[in-house]
Amino acid sequence: MNQRMIVPMLGEAWHAIGANRMRAFLTMLGMMIGVGAVVLMLAVGQGASAAVKRQIEAMGSHLFVVLAGSQQAGGARTGGGNATTLTSDDAYAIRELPGVTAAAPVVMGSYQLIFESNNWNTQVFGTTPDYLTARDWKIADGAGFDDSDVQAARRVAILGATTAKNLFGDASPVGQVLRIKNAPFTVIGVLAPKGQSLDGRDQDDTVMVPLNTAMRTLSGSRFRNAVRMIMVQAESDGAMAIVESGMKDLLRERHRLNGVDDDFFVSNLTAVANSAAETAKTMSLLLGAIASVSLLVGGIGIMNIMLVSVTERTREIGIRMAIGARQKDVMAQFMLEALMLSLTGGLIGVALGAGGAYAVQAIWQTAVEVTTQSIVLAFVVSAVIGLFFGFYPAWKAARLDPIEALRYQ
Amino acid sequence: MSAREADQAGRPPQPDGKAVIAVSRLTKTYSTQAGPVPVLHGIDFTLREGEFAAVMGPSGSGKSTFMNILGCLDHLTGGRYELAGQDVEALDNDALASLRNRVIGFVFQGFNLLQRATLEDNVALPLVYAGVDRATRRQRARDMLAKVGLAKYAQSRPNQISGGQQQRVAIARALVNEPRLILADEPTGNLDSKTSDEVMDLFCALNDEGISIVLVTHELDIAQYARRLVRFHDGLLVEDTPVLNRSWHGVKP
């Protein structure tokens, strides 16, 4: 077969399909539904994956949170994080461990913020500059505080985007003085927006102040240096195991535990986030797999209609053989026809699937992502289905005995 | 080619030329569930370039099987068949398809045109399998339709023309690849006597141009258009005589 034969054969395949429009349409409908379902499901699945991925990136990578353990007082136990055993010095010690890029002690509390006639209640974090490093959190306006601000317990604050907007509207808060728990703080910076966390909280609804300032001015704890948690960042995924064990050993030593139960929890935030991403991915694959079943059904439809077509056109095949068509020419002709059915169906299916995905996005506000990859995949799969399910009917046609075929009524 | 040119110049064809078909001791046995069924019992037959043979015989005499073997559509059981000097049994399926495409032109009783395609596309179909380019295909198909007097129907479809016209289209299709041999199986079987005569006149004119023809028929007046009459009976070639009073006397006005 050469390229001079392809064009007339394509034309003939087109005519053969056109001769039975309803039948061809119904056959293609199977492919349209199959391909459309795959494209739609992949779009929804990938949209979910991408959303999770964005949240992970917003959270920061290679993160641990060390929480203080629970406290026991007269048989009543408090929840985790309430013990006063974890100190800022623990954080500074962890900071020196190999593989650690940042270790930020955190105290927090909910306070009323006042600026002129506006007030807003939000979570106030007392921490060190390491916190922003660990969370990979940028300053959008102004500047962050540094270690000297922490040491000197200066009354400066960095506002989250939501907080800034609620207190200052569209004006820049940098340089303004607001009151937290009635103590005046100078705003030195505004954080870049981060959006929702994995659990749906608005991460931008926050204020950060130097750790020492928070301890003296806001929480006023009886226990000096006690912190609620320590946010720790390892330098890479590979370093996480070493950092985790190093951190535990260090804290056991510092807290003189000697085989007593740990008075702290270490939780691996990245592992939690990754498992959320895995879940989204599995979901996506599962949806795709279910959708491929309809693709298989579409392929069987093509095979079915091609077998009917071969039988109907037995005499035509005999004529073609008598005037010089080789077996491979007959084969090619029917393969082309099957391919044309599956690819046309596939093309319309891609359009339907993509359209459906955007409809889903518009109606349910779900993130969807129609990727080039999934479209190419859908196309390749349609072609493979055409070739696979078209092969047997075409082979049957090519193997016909010309005399029998010519006699066929 | 030179023989054909000479014929066009008015010289009679050369029946003593090279053999187009050379069949010796040809046997064919079909194997069925009820056991082997012998159909041909040793046929010797030679057709030289420019010859026009009519094959007659009752049903079951083996003439259709013989034609199928001549047309490279069926395999022989014993003996030898050379088509244009080539031992057909030594060829593979693709080579046989190529012989059917380039050396033989088929004309069938039922015309066997593709109903979906235009007459031009029908005539051009053998050229597709010969790998000829589009422009040449169109040109040759139109030339052939003009030759059988149907140029103005190029874009019609088979169901829009009469049976006799369809058979002429089929002949145009058989001729399009310039074959040396035309095999016609009851070409007038579905036609009335007037259109039969027209179709036979066309065959005779082609023969005068140098194309060899083997024609199967069961009507003696059709057979008498040929130059040579071959009779089959019970799988044997029983008679092979020249036609004395031909129905063809040269180009008609």
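Computed from a predicted model, the values in this text were never measured in an experiment.

### Considerations on the overall build of chain A
1) Next: Of the regular secondary structure elements, chain A holds 13 helices and 12 strands.
2) Next: Computed over C-alpha atoms, the radius of gyration of chain A comes to 33 Å, more than 25% over the 22 Å expected from 2.2 N^0.38 for 409 residues, which places it beyond the range of a compact globule.
3) Next: Dimensions of chain A, computed from C-alpha atoms along their principal axes, come out at roughly 105 × 55 × 40 Å.
4) Next: For chain A, with 409 residues in total, the buried portion stands at 47%.
5) Next: Pairs at least 24 residues apart make up 77% of the contacts formed inside chain A by residues separated by at least 6 positions.
6) Next: Total accessible area on chain A is roughly 19500 Å²; 58% of this is exposed by carbon and sulfur atoms.
7) Next: Charge centroids of chain A, computed over 33 positive and 33 negative side chains, lie 6 Å from each other.

### Topic: helix α4 (residues 119-129) of chain B
All names here are of chain B.
1) Next: In terms of burial, α4 is a largely internal element, 10 of the 11 residues being buried.
2) Next: Where α4 is concerned, the buried positions are Leu119, Glu120, Asn122, Val123, Ala124, Leu125, Pro126, Leu127, Val128 and Tyr129.
3) Next: Within two residues after α4, Gly131 carries a phi angle of roughly 75°, on the positive side.

### A short note on a nonpolar patch on the surface
Residues and elements named next belong to chain A.
1) Next: Together, Leu347, Ile348, Leu352, Val376, Phe379, Val380, Val384 and Phe388 make up a nonpolar patch on the protein surface, roughly 730 Å² of accessible area in all.
2) Next: Breaking the nonpolar patch down by element, the ones donating at least two residues are α11 (327-364) and α12 (372-398).
3) Next: With 5 residues, the top contributor of residues to the nonpolar patch is α12.
4) Next: For Phe388, a relative accessible area of 59% corresponds to the exposed category.

### Some words on the interface of chain A and chain B
1) Next: On the side of chain B, 23 residues touch chain A, which itself brings 29 residues to the contact.
2) Next: Buried area between chain A and chain B, summed over both chains or domains, comes out near 2300 Å², and the portion from carbon and sulfur atoms is 59%.
3) Next: On inspection of chain A and its partner chain B, the count reaches 2 salt bridges.
4) Next: Two residues, Arg116 of chain B and Glu316 of chain A, come together in a salt bridge whose shortest N-O distance is 3.4 Å.
5) Next: Sorting the residues of the side of chain A that touches chain B by element identifies α1 (3-18), α10 (314-322), α11 and α13 (402-407) of chain A as the ones contributing at least two each.
6) Next: The element contributing the most residues to the side of chain A that touches chain B is α1 of chain A, with 7 residues.
7) Next: Residue composition of the side of chain A that touches chain B, grouped by class: 13 nonpolar, 5 polar and 11 charged.

### Describing empty space enclosed by the protein
1) Next: For the structure shown, the criterion picks out 2 cavities of 30 Å³ or more.
2) Next: Looking at the largest cavity, its volume works out to about 80 Å³.
3) Next: Every residue along the wall of the largest cavity is listed here: Ala322 and Ile323 of chain A together with Arg100, Asn101, Ile104, Gly105, Phe106, Pro126, Arg173, Ala174 and Asn177 of chain B.
4) Next: Elements supplying a minimum of two residues to the lining of the largest cavity: α3 (93-102), β6 (104-107) and α6 (163-175) of chain B.
5) Next: Looking at the lining of the largest cavity, the element that brings in the most residues is β6 of chain B, giving 3 residues.
6) Next: Tallied by class, the residues present in the lining of the largest cavity amount to 6 nonpolar, 3 polar and 2 charged.
7) Next: In this structure, the second largest cavity spans a volume of roughly 30 Å³.
8) Next: Surrounding the second largest cavity, Val107, Met108, Gly109, Tyr111, Val124, Gly126, Ala214, Leu218 and Ser219 of chain A form its lining.
9) Next: Where the lining of the second largest cavity is concerned, the elements lending two or more residues are β4 (100-115), β5 (118-127) and α7 (211-219) of chain A.
10) Next: Per-element tally for the lining of the second largest cavity: the top contributor is β4 of chain A, with 4 residues.
11) Next: Tallied by class, residues from the lining of the second largest cavity come to 6 nonpolar, 3 polar and no charged.

### A few points about the sheet that holds strand β4 (residues 78-83) of chain B
Residues and elements named next belong to chain B.
1) Next: A sheet is described by the order of its strands in space; here 4 strands give the open sequence β2-β1-β4-β5, paired in antiparallel fashion. Bordering the open sheet on either side are β2 (35-48) and β5 (86-87), each of which pairs with just one other strand.
2) Next: As paired strands, β4 and β5 are joined by 2 bridges and run antiparallel to one another. Looking at β5, one finds that Leu83 is bridged to Gln86.
3) Next: On top of the sheet, helix α2 (residues 63-70) reaches β1 (19-32), β2 and β4; it is set at about 120° to β1, its chief contact.

### Examining the sheet that holds strand β9 (residues 228-233) of chain B
All names here are of chain B.
1) Next: Strand order in this open sheet of 6 strands is β6-β7-β8-β3-β9-β10, and the pairing throughout is mixed. The open sheet has two edge strands, β6 and β10 (236-242), and neither has a second partner. Sheet twist, expressed as the average angle between the axes of neighbouring strands with direction ignored, equals 15°.
2) Next: Across 6 bridges, the pairing between β9 and β10 is antiparallel. Paired with Arg231 across the two strands is Glu239, which belongs to β10.

### Regarding the domain arrangement of chain A
1) Next: Partitioning chain A into structural domains gives domain 1 (3-55 + 275-407) and domain 2 (84-262).
2) Next: A separation of 56 Å is found between the C-alpha centroids of domain 1 of chain A and domain 2 of chain A.

### Brief notes about unusual backbone geometry
Residue and element names in this part refer to chain B.
1) Next: Positive phi values are uncommon outside glycine, yet Cys72 reaches one of about 60°.
2) Next: Examined against the element boundaries, Cys72 turns out to sit in the loop between α2 and β4.
3) Next: For Cys72, a relative accessible area of 4% gives the class buried.
4) Next: Here the phi dihedral of Glu178 falls at roughly 50°; this positive angle occurs in a residue that is not glycine.
5) Next: Mapped onto the fold, Glu178 is located in the loop between α6 and β7 (181-185).

### A look at the pattern of salt bridges
Residues and elements named next belong to chain A.
1) Next: Throughout the structure, instances matching the rule amount to 29 salt bridges over all chains.
2) Next: The salt bridge partner of Asp149 is Arg154, with a shortest N-O separation of 2.8 Å.
3) Next: The class for Asp149 is buried, based on a relative accessible area of 10%.
4) Next: Two residues, Asp249 and Arg252, come together in a salt bridge whose shortest N-O distance is 3.5 Å. With Asp249 and Arg252 both in helix α8 (residues 240-254) and 3 residues apart, the pair spans about one turn of that helix.

Criteria and cut-off values
- Residues numbered from 1 in each chain as written.
- Chains lettered and ligands numbered in written order.
- Predicted model: local features only at pLDDT ≥ 70, side-chain atom pairs only at ≥ 80, totals over all residues.
- Heavy atoms only, no water.
- Helix = DSSP H or I, 4+ residues; strand = E, 2+ residues; numbered from the N terminus.
- Rg over C-alpha atoms; globule rule 2.2 N^0.38 Å.
- Buried < 20%, exposed > 50% of the residue type's maximum accessible area, 1.4 Å probe, protein only.
- Contact = heavy atoms within 4.5 Å.
- Areas by Shrake-Rupley, 256 points an atom, 1.4 Å probe, with all protein chains shown as cover.
- Lys, Arg positive; Asp, Glu negative; His and termini not counted.
- Charge placed at Lys NZ, Arg CZ, Asp CG, Glu CD.
- Patch = residues over 30% accessible without salt bridge, like charges linked within 9 Å, V, L, I, M, F, W, Y side chains within 5 Å.
- Salt bridge = Lys/Arg side-chain N within 4 Å of Asp/Glu carboxyl O.
- Buried area = accessible area lost by both parts, 1.4 Å probe.
- Nonpolar A, V, L, I, M, F, W, Y, C, P; charged D, E, K, R; others polar.
- 1 Å grid on protein atoms, 1.4 Å probe; cavity = no way out; pocket = protein on both sides within 12 Å on 5 of 7 lines; lining within 4 Å.
- Points joined across faces, edges and corners; volume = space filled by probe spheres on them.
- Pairing = 2+ DSSP bridges.
- Axes fitted to C-alpha atoms, helices over the stretch in contact; angles between N-to-C directions.
- Domains from an automatic or database assignment.

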